[in-house]
Amino acid sequence: MKTYQVDENGYYGEFGGAYVPEILHQCVTVLQETYLNVLNSESFKKEYYQLLRDYVGRPSPLYYAKRLSEKYGCKMYLKREDLNHTGAHKINNTVGQILLARKMGKTRIIAETGAGQHGVATATVCALMNMECIVYMGKTDVERQHINVQKMKMLGATVVPVTSGNMTLKDATNEAIRDWCCHPTDTFYIIGSTVGPHPYPDMVARLQSVISEEIREQLMEKEGRDYPDTLIACVGGGSNAAGTIYHYIDDKRVRLILAEAGGKGVDSGQSAATIQLGRKGIIHGARTLVMQSEDGQIEEPYSVSAGLDYPGIGPVHANLAVTKRATVLAVDDDEALEAAFELTRLEGIIPALESAHALGALPKIKFQPDELVVLTVSGRGDKDIKTYIDYFNNKSK
Ligand SMILES: *Cc1c(COP(=O)(O)O)cnc(C)c1O
């Protein structure tokens, strides 16, 4: 059977693989040979699910959004990842990876972060497990994301400002990979999304697949059937989307819609719509779609949402897009901001700016009146309040 899941060589169609420097070859190979055995073991599952329940606060609710449903003429449920500990889906992944790191005998944790959400989620589990934590973060982002930097420090992590390139996420990731090359034996690199060399995209998707596992059970309980007609999620690197669609990826009854960040417009030169603008290339160890210039230099992405401005995309999503299994919509800054206010006023939920891109796709989609839709609210909007206030003040001027 044709599947959209990873194959035994670490590829999704023509995307994926593990393009790493020689010095990391062995430690990536060991990880490839280890991760499935650990993730599928009873002892891992017991600890992982216990922490998801008692520490993260799972299962996250599947909430029937009545007023949003009326507005868009369908039956819309929201998967509430915003209610997790630390405010987003990212913690599902860091809990899993740190348990794996411990089982592999690693003593030192490194991570990259853009907006700081993955950095905070990693620093959190490192505090929990009493592990050393080093977070690489572009200097520009360190300055922009002051609160998250303070949180990481309070949690005991060392935040290293990166001054190469544009001093943002791509550069922080390069620096984390460089660190990993220097400490391949004692260090575990916790990657924050479905990106990086195989097995990371598949590993992160599996650790986030608790989202679709719960959707299945919750829909069964509420609707008497265990699948929706349509799933909607935003994509930066792709982890909340991968978790949302995981158990439905090969189920053709389910329509998949991915919302990427259009920035100031796909053709404006200030965009992060990687799937539409990207060409095939290699970034951070994987073959995928990459925003790049004619001669293959990586181009700087832009989005109002710091969590979505990555110049690559998970290989699973690149494959879903080129095979047309998923519909990809670009949602611009303004559309996302409007959608954030709409959700707030209709349902009393202030979403993260990233999640607002999924909501901003709704006006672009045609629904049937009885269509069962699940949209993942990947995080809460606390971190974005300043952006929301500025937008609101500008508008009412
Ligand atoms: C980091 C982040 C994203 C983007 O990352 P994905 O890996 O694409 O999910 C989306 N929403 C929130 C709230 C985030 O913090």
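Everything numeric in this text was worked out from a predicted model, so none of it was measured.

Conventions used here
Residues numbered from 1 in each chain as written. Predicted model: local features only at pLDDT ≥ 70, side-chain atom pairs only at ≥ 80, totals over all residues. Heavy atoms only, no water. Core = buried A, V, L, I, M, F, W, Y, C linked by side-chain atoms within 4.5 Å. Buried < 20%, exposed > 50% of the residue type's maximum accessible area, 1.4 Å probe, protein only. Helix = DSSP H or I, 4+ residues; strand = E, 2+ residues; numbered from the N terminus. Domains from an automatic or database assignment. Contact = heavy atoms within 4.5 Å. Near = heavy atom within 4 Å. Polar contact = N/O pair within 3.5 Å; in protein donor to acceptor, adjacent residues only side chain to side chain. 1 Å grid on protein atoms, 1.4 Å probe; cavity = no way out; pocket = protein on both sides within 12 Å on 5 of 7 lines; lining within 4 Å. Sits in = over half its atoms within 2 Å of the grid points. Nonpolar A, V, L, I, M, F, W, Y, C, P; charged D, E, K, R; others polar. Pairing = 2+ DSSP bridges. Axes fitted to C-alpha atoms, helices over the stretch in contact; angles between N-to-C directions. Phe/Tyr/Trp six-rings, centres within 6.5 Å; stacked < 30°, edge-to-face > 60°. Buried area = accessible area lost by both parts, 1.4 Å probe. Salt bridge = Lys/Arg side-chain N within 4 Å of Asp/Glu carboxyl O.

Before going further, it helps to examine the nonpolar core. Across soluble globular proteins, nonpolar side chains have a tendency to be buried as a group. Grouped together as the largest cluster of nonpolar side chains are 86 residues, with contacts concentrated most on Phe-188 and Met-203. The element best represented in this core is helix 1 (residues 22-39), accounting for 7 residues. Mapped onto the domain boundaries, this core takes at least three residues apiece from domain 1 (12-51 + 90-203) and domain 2 (57-88 + 209-395). Ignoring sequence-local partners within four residues, the contact set of Met-203 consists of Leu-31, Tyr-35, Leu-39, Gln-97, Leu-100 and Phe-188. Of all hydrophobic cores here, the second largest spans 35 residues; its members include Ala-65, Leu-68, Leu-78 and Leu-329.

Glancing now at the site of the ligand. The environment of the ligand is formed by 18 residues, the closest being Lys-90, Ser-193, Gly-238, Ser-239 and Ser-378. Within the side chain of Ser-193, one N or O atom sits 2.6 Å away from an oxygen atom of the ligand. Within the backbone of Gly-237, a nitrogen or oxygen atom sits 3.2 Å from an oxygen atom of the ligand. Put simply, the ligand lies in the largest cavity. In terms of residue class, the shell around the ligand is built from 5 nonpolar, 11 polar and 2 charged. Among the domains, domain 1 (12-51 + 90-203) and domain 2 (57-88 + 209-395) are the pair contributing at least three residues each to the shell around the ligand.

Bringing the sheet that holds strand 8 (residues 187-189) into the picture now. Ordered by their spatial adjacency, 4 strands build an open sheet running 7-6-5-8, and the pairing between neighbours is parallel. Each having just a single partner strand, strand 7 (158-162) and strand 8 make up the two edges of the open sheet. Between one strand and the next, the sheet's axes are offset by a mean angle of 25°, whatever the strand orientation. Summarising the sheet, strand 5 (residues 108-113) and strand 6 (residues 132-138) pair through 6 bridges and their orientation is parallel.

One can find Thr-288 in strand 12 (residues 286-290). Looking at Thr-288, its side chain comes within polar contact range of the main-chain oxygen of Ile-313, at 2.7 Å. In this view, Thr-288 contacts Phe-15, Arg-279, Lys-280, Gly-281, Ile-283, Ile-313, Gly-314, Pro-315 and Ala-318; residues no more than four positions away in its chain are not counted.

Another aspect to go through is the sheet that holds strand 9 (residues 230-234). Across the sheet, which stays open at both edges, the 6 strands sit in the order 3-4-14-9-10-13 with mixed pairing between neighbours. Each of the sheet's edge strands pairs with one partner strand only, and the pair in question is strand 3 (62-64) and strand 13 (326-332). Strand-to-strand twist across the sheet, computed as the mean angle between neighbouring axes with direction ignored, equals 25°. When strand 10 (residues 255-263) meets strand 13, the two strands line up parallel, connected through 7 bridges. Within strand 13, the residue paired with Gly-263 across the bridge is Asp-332. Seen against the sheet, helix 10 (residues 210-223) touches strand 3, strand 4 (75-80), strand 9 and strand 14 (372-377) and runs at an angle of roughly 140° to strand 4.

If you trace the backbone, Gly-348 turns up in the loop between helix 14 (333-347) and helix 15 (353-360). Separated by 285 residues in sequence, Gly-348 and Tyr-63 place their C-alpha atoms 12 Å apart.

Let us look at the packing of aromatic side chains. As enumerated under the stated definition, the model contains 9 aromatic pairs in all. With a centroid separation of 5.6 Å and 70° between ring planes, the pair formed by Trp-180 and Tyr-189 is classed as edge-to-face. Like Trp-180, the residue Tyr-189 is buried in the burial classification. Here the aromatic rings of Tyr-189 and Tyr-200 are separated by 6.2 Å at their centres, their planes lie at 55°, and the arrangement is tilted. Of the two residues, Tyr-189 is situated in strand 8 and Tyr-200 in helix 9 (residues 200-208); the sequence distance between them amounts to 11 residues. Exposure remark for Tyr-200: the relative accessible area of 1% places this residue in the buried category.

Turning our eyes to something else, we now look at the environment of Pro-161. Looking at where Pro-161 falls in the secondary structure, it is placed in strand 7. As for Pro-161 and Val-135, which are separated by 26 residues in sequence, their C-alpha atoms are 8.6 Å apart. Discounting residues that sit within four places of it in the chain, Pro-161 has contacts with Met-137, Lys-139 and Val-142.

The domain architecture assigned to the chain consists of domain 1 (12-51 + 90-203) and domain 2 (57-88 + 209-395). Computed over C-alpha atoms only, the centres of domain 1 and domain 2 are separated by 22 Å. Counting residues at the interface gives 33 residues for domain 1, matched by 37 residues for domain 2. Each partner contributes to the roughly 2,900 Å² buried at the junction of domain 1 and domain 2, and carbon and sulfur atoms together form 60% of this total. On the surface where domain 1 and domain 2 come into contact, there are 3 salt bridges. Of the charged contacts, one joins Lys-170 and Glu-300 as a salt bridge, the two residues approaching to 3.5 Å between their closest N and O atoms. On inspection of domain 1 and its partner domain 2, the count reaches 16 residue pairs in polar contact (both at pLDDT 80 or more). Those elements that place two or more of their residues in the side of domain 1 that touches domain 2 are strand 2 (15-16), helix 2 (42-56), helix 4 (90-103), helix 5 (117-129), helix 8 (169-182) and helix 9. With 5 residues, helix 8 is the largest single contributor of residues to the side of domain 1 that touches domain 2. Broken down by class, the residue content of the side of domain 1 that touches domain 2 amounts to 14 nonpolar, 15 polar and 4 charged.

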